[in-house]
Amino acid sequence: MIPISTWSEGYITDINYTTNFYFHQSPDFLNFCCLLYGYEPFDLNTTFNYCELGCGNGFTIILLASLYPHANFYAIDFNPDHIVFANSLKKYFNLDNIKFFNISFKETVDEKLEEFPEFNMITLHGVFSWVSHENRNRIIEFTRKKLKAGGILNVSYNNMCGWFMRIPFQRLIIDFAKLFPEIISAKKVEIVINLIRKMQQAGSEYFNSPAIKKTLGKMDEMSINYIVHEYLNEDWQPLFFSEVCSYMHNAKLKYLGMADPIWYFNDLLFNDNQLKVLNEFRSMYMREIAKDYILRLAFRKDIYIKGGVMLPRDIYYKKMFNKVKFVLNKPIEDDKMYKIDLDYTKRRANINRGILNKLFEELTLPKTIEELMECSILNSIKDKELLRIISMLIHKNIVTPIISNVDINDNKKNSKIGKIINRFIAKDARYRNELKHFLIPKFKTAMNVNIIKRLVYDAIINEEKDDINDILLHVKLFLKNRSINWKAFDENKSKDEILNKEISECIEKFFPFWEKVGAL
Ligand SMILES: C[S@@+](CC[C@H](N)C(=O)[O-])C[C@H]1O[C@@H](n2cnc3c(N)ncnc32)[C@H](O)[C@@H]1O
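What counts and what doesn't
- Residues numbered from 1 in each chain as written.
- Predicted model: local features only at pLDDT ≥ 70, side-chain atom pairs only at ≥ 80, totals over all residues.
- Helix = DSSP H or I, 4+ residues; strand = E, 2+ residues; numbered from the N terminus.
- Rg over C-alpha atoms; globule rule 2.2 N^0.38 Å.
- Buried ≥ 20, exposed ≤ 12 C-beta atoms within 10 Å, placed from the backbone.
- Contact = placed C-beta atoms within 7 Å.
- Core = buried A, V, L, I, M, F, W, Y, C linked by C-beta atoms within 7 Å.
- Expected span 1.5 Å × (residues − 1).
- Arc of directions from axis to C-beta.
- Domains from an automatic or database assignment.
- Near = placed C-beta within 6 Å.
- Nonpolar A, V, L, I, M, F, W, Y, C, P; charged D, E, K, R; others polar.
- Pairing = 2+ DSSP bridges.
- Axes fitted to C-alpha atoms, helices over the stretch in contact; angles between N-to-C directions.
- Right-handed = clockwise from strand over helix to strand, strands pointing away.

Draft legend 1. Broad picture of the overall build of the protein chain. Counting secondary structure elements, the protein chain contains 22 helices and 13 strands. Relative to the compact-globule value of 24 Å for 520 residues, the protein chain shows a C-alpha radius of gyration of 23 Å, a close match. When the backbone C-alpha atoms are referred to their principal axes, the protein chain occupies close to 65 × 65 × 50 Å. Looking at the protein chain as a whole, 40% of its 520 residues qualify as buried. For the protein chain, the proportion of contacts with a sequence separation of at least 24, taken over those separated by at least 6, is 74%.

Draft legend 2. Structural detail: the nonpolar core. One finds Cys34, Ile62, Phe73, Ala75, Ile303 and Val456 to be the most contacted residues of the largest nonpolar core, which totals 134 residues. Sequence-distant contacts of Val456, that is, excluding residues within four places in its chain, are made with Ile471, Val475, Ile503 and Cys506.

Draft legend 3. Quick look at helix 3 (residues 80-92). Helix length check: helix 3, at 13 residues, gives a terminal C-alpha distance of 18 Å against a target of 18 Å (1.5 Å per residue), a fit within 8%. Within helix 3, the full set of buried residues consists of His82, Ile83, Phe85, Ala86, Leu89 and Lys90. One side of helix 3 holds all its buried residues, which, seen down the axis, span an arc of 160 degrees. Of the exposed residues in helix 3, those oriented more than 90 degrees away from the buried face are Pro80, Ser88 and Lys91. Where the residues of helix 3 are buried, they touch helix 2 (59-67), strand 2 (72-76) and strand 3 (98-101). Backbone geometry just downstream of helix 3 places Asn94 in the positive-phi region, at approximately 60 degrees.

Draft legend 4. Representation of the domain arrangement of the protein chain. For the protein chain, the assigned domains read domain 1 (23-159 + 239-305), domain 2 (169-230), domain 3 (313-402) and domain 4 (411-516). Put simply, the middle of domain 1 and the middle of domain 2, counted by C-alpha atoms, are 30 Å apart.

Draft legend 5. Spotlight on the site of the ligand. With respect to spatial proximity, 21 residues lie near the ligand, and among them Gly54, Gly56, Phe78, Asn79 and Gly126 are the closest. The class makeup of the residues in the shell around the ligand is nine nonpolar, ten polar and two charged.

Draft legend 6. Geometry of unusual backbone geometry. Although it is not a glycine, Asp343 sits at a positive phi angle of roughly 65 degrees. Looking at where Asp343 falls in the secondary structure, it is placed in the loop between strand 9 (339-341) and strand 10 (348-350). For Glu464, which is not glycine, the phi torsion reads 55 degrees and is therefore positive. By the element assignment, Glu464 lies in the loop between helix 20 (451-462) and helix 21 (468-479). For Glu464, a count of 8 C-beta atoms within 10 Å corresponds to the exposed category.

Draft legend 7. Seen up close, the sheet that holds strand 2. Strand order in the open sheet made by the seven strands is 3-2-1-4-5-7-6, with mixed pairing throughout. In this open sheet, the two edge strands, each paired with only one partner strand, are strand 3 and strand 6 (254-258). Going from strand to strand, the sheet's axes swing by 20 degrees on average, the running direction of each strand aside. One ladder, built from four bridges, connects strand 2 with strand 3; its direction is parallel. Bridge pairing in strand 3 links Ile76 to Phe101.

Draft legend 8. Summary view of the pairing of strand 7 (residues 299-305). Extensive coverage of strand 7 is indicated by the burial of five of its seven residues. Inspection of the sheet shows strand 5 (residues 147-158) paired to strand 7 by seven bridges, in the antiparallel sense. If you follow Leu153 over to strand 7, its bridge partner there is Tyr304. Across four bridges, strand 6 lies against strand 7 in antiparallel orientation. What sits directly across from Lys254, in strand 7, is Ile305.

Draft legend 9. How the structure looks around helix 5 (residues 133-146). Compared with the 20 Å implied by 1.5 Å per residue over 14 residues, the 20 Å span of helix 5 between its first and last C-alpha is a close match. Considered for burial, the residues of helix 5 that qualify are Asn135, Arg136, Arg138, Ile139, Ile140, Phe142, Thr143 and Lys146. Along its buried surface, helix 5 packs onto strand 1 (49-53), helix 4 (105-111), strand 4 (119-124), strand 5 and helix 11 (241-249).

Draft legend 10. Molecular detail of the pairing of strand 1. Among the five residues of strand 1, four are classified as buried, and the element is accordingly described as predominantly covered. Where strand 1 and strand 2 come together, five bridges link them in parallel fashion. Paired with Tyr50 across the two strands is Phe73, which belongs to strand 2. Handedness of the crossover joining strand 1 and strand 2 through helix 2: right-handed. The sheet contact formed by strand 1 and strand 4 spans three bridges and is parallel. Residue pairing across strands places Cys51 opposite Ile122, the latter belonging to strand 4.

Draft legend 11. Inspection of the environment of Leu268 at higher detail. Here Leu268 is to be found in helix 12 (residues 266-269). In this view, Leu268 contacts Ile262, Leu342 and Ala349; residues no more than four positions away in its chain are not counted.

Spelled out as structure tokens, the structure:
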């Protein structure tokens, strides 16, 4: 019999959450979004305080702390496994501007409030709809007391409009899983999903409905850690936008917009008829609620502000077009980006190839919209249209907005931390596939790097191999006997073809890029 933990309040703790870097939690990104919605963000170049609630393994906040050494970072999670992991990274990366707290939200507000300063920014990703109403209220109490006036909150949650069909699905997993108390969560979910598949094959109206069939189909590709945390938590509860707004009002927060710049451009996401209906709604809240129903939105990552003042139009324009810089955050690998999948909607946007190629050429270094408008081809469109195109590239995480002052010529300062972190992450790839992002210090972000490229980095930088055959041997050695989804690289190529392509691409395109951005 597995001992039931008394501290976890129905939250799964026998399997850790997946490790990831979420760029939408970054101060530069969130400040850019605030500006887009017309509000003055706080100054990122002076000391600021940042807090993450339910930080999981802490990878996002660790990378953020390394990118903003002049700021103070605080992170809370009640799972000791997560905090031990996060603290080990903190120690290895020698970071002294981040503190991890292994406490629950209840302990945070009941006992530890005085240990926290006032924050300019609080973020919580994948937490608000995974915990109980009581814990949501504790998060609100913490925010009410600890978010500075003018501060920003970023909260993500499962949205009822996109999840309502799957509520019985989740309930069944929980109900069935309770019948196997002696089994670990990962195994429970596996058994229950097999039972569900049997019901589907035997003929079940519910499990054969299109939405549920799709959900079941996708489960093969999902990590078991993600499935367990998404479906096996007692308090999991998709929320309505209006409900979340009510919680936030109790912390004196007002809604600004989604932490995704394409959300600002309604004409990208909605057709003419939908826009007409939306425009009939006078209140912004009504429009936001309606958007969830039109798109049947399943996930929201929203930004709230505590008492911000809207910028006058002229200052807004000056800041947005003159101050914010944009830059490509990865080497461009192919030309699939002309058609942008907008994700929330079935619509796809086509970007003019001439404009896109010119942008790719210009954005290898950070540039403002005003600087871009001085270039040929780009000067043929309006500044707002340029911002709209760039917003789509930000949505796809191809371009990063930068508001902080970055000195891309300061190689010493930028690359020291990049060296430490990326060398560690590359070496880590030998035995795990957990840390998947390299730090991009000069652009204040991190990039997802596949396991083959991380091992190439490991061979060349950590092991100082320069012969292509030695590099190939190194990669093969550490990929041996590991379950790699080769199809995700290229369905039509053999393993060897994939390895050779990845290695040469890494050497020809990625190494020069990493060199330039302080990642080597
Ligand atoms: C779905 S995970 C998200 C983790 C992380 N934010 C991420 O996206 O990678 C939710 C996290 O909240 C933490 N958590 C859940 N309930 C909590 C509570 N009552 N107090 C503190 N942390 C809690 C869990 O341990 C878990 O790490």
